[in-house]
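# Analysis of the macromolecular model
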Amino acid sequence: MAAAIYSLYIINKSGGLIFYKDYGSAGRMDTNDSLRLASLWHSMHVISQQLSPVNGCNGIELLEADTFDLHCFQSLTGTKFFVVCEPGTHYMETLLKHIYELYTDYVLKNPFYEMEMPIRCELFDINLAQLVLKDRVALLGR
């Protein structure tokens, strides 16, 4: 059975949700719930960095629960990318880095995009959909 991505979130360095995409999870969230989850994750991530006994800790990278896993990648600029997916999925770090590459190629290089604002970029959406579809097809072959 292929591992499914339930949803993708991109949070700016201030903790604001700038992108959210639901991939058909059973428990769909409304806009307010997705904003709350992004804000809560940002807060937990920052607190974990500050409380960590390990020098140079980058915060929580994986949260495992009974019904889902939450994988997080933080860029050097502080933008956080996280996916909620099926439990036990181990390749999400690579997928998140590919999503970050799409973000840098299609969002940050877009002359009409304003930093820290919600992402409204058609090329990013198209390439992200292709990446997720390609990822799901690759999983079926495993």
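As a starting point, this report considers the structure included with it. Just so you know, these numbers come straight off a predicted model, no measurement behind them.

### Some thoughts on the packing of aromatic side chains
Each pair of aromatic rings is reported with the distance of its centres and the angle of its planes. Counted according to the given criterion, the structure contains nine aromatic pairs. Between Tyr9 and Tyr20, the ring centres sit 4.8 Å apart and the planes meet at 45°, which makes this aromatic pair tilted. Here Tyr20 lies in strand β2 (residues 17-22) and Tyr9 lies in strand β1 (residues 5-11), a separation of 11 residues in the sequence. Given the relative accessible area of 25%, Tyr20 is considered partly exposed. Three or more aromatic residues joined by ring pairs form one cluster here, namely Tyr9, Tyr20, Trp41 and Phe82.

### What about the environment of Leu63?
Residue placement: Leu63 occurs in strand β3 (residues 62-64). Along the sequence, Leu63 and Leu108 sit 45 residues apart, while their C-alpha atoms lie 28 Å from each other. Leaving out residues up to four positions away in the same chain, Leu63 has contacts with Trp41, Phe68, Asp69 and Leu70.

### Details of the pattern of salt bridges
Taken as a whole and judged by the stated rule, the model has three salt bridges. The residue Arg36 makes a salt bridge to Asp33 at a minimum N-O spacing of 2.5 Å. Of this pair, Arg36 and Asp33 both sit in helix α1 (residues 31-51), three residues apart, which is roughly one turn of the helix. Exposure remark for Asp33: the relative accessible area of 30% places this residue in the partly exposed category. The shortest N-O distance in the salt bridge between Glu93 and Lys97 comes to 3.2 Å.

### Quick notes on the nonpolar core
Counting 25 residues, the largest nonpolar core has Ile99, Tyr103, Ile119, Phe124 and Leu128 as the members making the most contacts within it. Contributing elements (two or more residues each) for this core: β1, β2, β5 (80-85), α2 (92-108) and α3 (122-140). Tallying contributions element by element places α2 first for this core, with seven residues. Every residue in contact with Phe124, bar those within four places of it in the chain, is listed here: Ile10, Phe19, Ile99, Leu102, Tyr103, Tyr106, Val107 and Ile119. Residues Tyr9, Ile11, Leu70 and Cys72 belong to the second largest nonpolar core, which totals nine residues.

The rules behind each value
Within each chain, residue numbers correspond to sequence positions counted from 1 in written order. Only residues with pLDDT of at least 70 get local features here, since the model is predicted, and only at 80 or more are side-chain atom pairs given and counted; chain-wide, interface and lining totals rely on the full set of residues. Side-chain measures were taken over the full set of non-hydrogen atoms in the model, leaving aside hydrogen atoms and water. Aromatic rings from Phe, Tyr and Trp, with only the six-membered ring used for Trp, were paired whenever their centres fell within 6.5 Å, and each pair was classed as stacked if the ring planes differed by under 30 degrees, edge-to-face if by over 60, and tilted otherwise. Each helix corresponds to a stretch of at least 4 residues labelled H or I by DSSP, and each strand to a stretch of at least 2 residues labelled E; elements are numbered beginning at the N terminus. Only protein chains enter the accessibility calculation, which uses a 1.4 Å probe. A residue is then buried if its area is under 20% of the maximum for its type, exposed if over 50%, and partly exposed in between. In this analysis, two residues are considered to be in contact whenever any of their non-hydrogen atoms come within 4.5 Å of each other. Whenever a carboxyl oxygen of Asp or Glu lies within 4 Å of a side-chain nitrogen of Lys or Arg, that contact is scored as a salt bridge. As used in this record, nonpolar core signifies buried Ala, Val, Leu, Ile, Met, Phe, Trp, Tyr and Cys residues forming a set joined through side-chain atoms within 4.5 Å.

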